[in-house]
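# Understanding the architecture of this molecule
One letter stands for each residue in the lines below.
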Amino acid sequence: MAWLYALLASRPVVWLLLFVNAAGTIYGYYWYRYQLADTPPIFLPFVPDSPTASLFFLVVLVAWLFGRSAPLFEALALVTLVKYGIWAVVMNVLVWCVTGTLDWAGWMLIVSHGAMAIEGMLYARFYRFRFLHLMLAAVWTLHNDVIDYVFGMMPRYSVLADYANEIGYFTFWLSIASIAAAYQLGVRLRRQPLLPGGMSFRQASE
């Protein structure tokens, strides 16, 4: 696997991911435009789940390109990329099951959000966050679930409205699983000696 981590750590790949995720983040906020227009200001930070997850990862990528690490954003990125990546795939598969069809946008969401979850996990071995960072990310993630399913700010899938309670229950346990995965991948496993971009952690800290 050393060749894969060397490839992932190369500056051209990091720059490519930066541009791809920036485009996806912008589109994601655009996708939420109608719901955001109807959202009370106090809930605005918690509504656009997936684009905010990719925004966290953008902060991580920018930090790496400057030879630094951003541990809190790394923890937030790992948990939320995995959670919302899997969540969106499952929701669109459910739309397909309920309606018997799925348009091109639904398939695009499946592919793009599946890629979100994969990139979050692939880069976990480079993350520098500690248990405290993960706990803060866990608070954000579970608080977001409360905002979504207690205050009714969840992403709008009109054809799945009848299953809101079941989706909320699934989402809570998906959050727990994502936090557990982040602990295993980002805290327990041995980290790579190089930060993406080719700079060692010691050099980046100087």
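Note that the structure is predicted; figures quoted are calculated from it, not measured.

## So, empty space enclosed by the protein
Inspection of every chain in the model, using the stated rule, returns one cavity of 30 Å³ or more. Together, P45, F46, P48, D49, T52, A53, F56, T80, Y84, W140 and N144 line the largest cavity. Ranked by residue count, the leading element in the lining of the largest cavity is helix α4 (residues 49–65), at four residues. Broken down by class, the residue content of the lining of the largest cavity amounts to seven nonpolar, three polar and one charged.

## Points about the side chain of S178
Along the polypeptide, S178 turns up in helix α8 (residues 164–188). Residue class for S178 comes out buried when judged on its relative accessible area of 2%. Discounting residues that sit within four places of it in the chain, S178 has contacts with V79, V82 and K83.

## Remarks on α8
An ideal rise of 1.5 Å per residue puts 36 Å on 25 residues; α8 measures up with 35 Å between its terminal C-alpha atoms. All buried positions along α8 are accounted for by I167, G168, T171, L174, S175, S178, I179, A182 and G186. On its buried face, α8 is in contact with α5 (71–99) and α7 (131–149).

## Observations concerning the packing of α7 against α8
At a minimum axis distance of 10 Å, the contact between α7 and α8 shows a crossing angle of 170°. Taken together, the axes of α7 and α8 are roughly antiparallel relative to one another. On α8, the residues that touch F131, L134, A138, T141, L142, D145 and Y149 of α7 are A164, I167, G168, T171, F172, S175, I176, I179, A182, Y183 and V187. For the contact of α7 with α8, the residue count by class is 13 nonpolar, four polar and one charged.

## Quick word on the confidence of the model for the protein
Summary statistics for the protein give a mean pLDDT of 91 and a share of 93% for residues scoring 70 or more. For the protein, helix α9 (residues 201–205) is the element with the lowest average pLDDT, namely 38, and α7 is the one with the highest, namely 97. Considering only residues more than four positions removed or in separate chains, one finds that residues 200–206, a stretch of pLDDT under 50, has eleven contacts.

## Overview of the packing of aromatic side chains
On inspection of all chains with the given rule, the structure shows 20 aromatic pairs. Ring centres 5.1 Å apart and planes at 80° place the aromatic pair W31 and Y32 in the edge-to-face group. For W31, a relative accessible area of 32% gives the class partly exposed. Arranged with centres 6.4 Å apart and planes meeting at 45°, the rings of W31 and Y157 form a pair that is tilted. Of this pair, W31 sits in helix α2 (residues 11–31) while Y157 sits in the loop between α7 and α8; the two residues are 126 residues apart in sequence, bridging distant segments of the chain. Joined through ring pairs, the aromatic side chains of Y5, F57, W64, Y123, F126, Y127 and F129 make up one cluster.

## Quick notes on the layout of surface pockets
Within this model, the largest pocket holds a volume of roughly 440 Å³. Only α2, α4, α5 and α6 (104–122) provide two or more residues apiece to the lining of the largest pocket. Per-element tally for the lining of the largest pocket: the top contributor is α2, with nine residues. Residues that form the lining of the largest pocket fall into these classes: 16 nonpolar, eight polar and two charged. Quantified by volume, the second largest pocket comes out at close to 280 Å³. Around the second largest pocket sit 15 residues that line it, and N92, V95, D103, G106 and Y157 are the ones nearest its centre.

## Structural notes on the pattern of salt bridges
Applying the stated criterion across every chain, the model contains two salt bridges. A salt bridge links D38 to R156, with the nearest nitrogen and oxygen atoms 3.5 Å apart. Placement of D38 in the loop between α3 (33–37) and α4 and of R156 in the loop between α7 and α8 is noted, with a sequence separation of 118 residues between them. Residue classification places R156 among the partly exposed residues on the basis of a relative accessible area of 49%. Here D145 ties to K83 by a salt bridge, and the two come within 2.4 Å at their closest N and O atoms.

Scoring rules and cut-offs
- Residues numbered from 1 in each chain as written.
- Predicted model: local features only at pLDDT ≥ 70, side-chain atom pairs only at ≥ 80, totals over all residues.
- Heavy atoms only, no water.
- 1 Å grid on protein atoms, 1.4 Å probe; cavity = no way out; pocket = protein on both sides within 12 Å on 5 of 7 lines; lining within 4 Å.
- Points joined across faces, edges and corners; volume = space filled by probe spheres on them.
- Helix = DSSP H or I, 4+ residues; strand = E, 2+ residues; numbered from the N terminus.
- Nonpolar A, V, L, I, M, F, W, Y, C, P; charged D, E, K, R; others polar.
- Buried < 20%, exposed > 50% of the residue type's maximum accessible area, 1.4 Å probe, protein only.
- Contact = heavy atoms within 4.5 Å.
- Expected span 1.5 Å × (residues − 1).
- Axes fitted to C-alpha atoms, helices over the stretch in contact; angles between N-to-C directions.
- Parallel < 35°, antiparallel > 145°, perpendicular 65-115°, else oblique.
- pLDDT = per-residue confidence, 0-100.
- Phe/Tyr/Trp six-rings, centres within 6.5 Å; stacked < 30°, edge-to-face > 60°.
- Salt bridge = Lys/Arg side-chain N within 4 Å of Asp/Glu carboxyl O.

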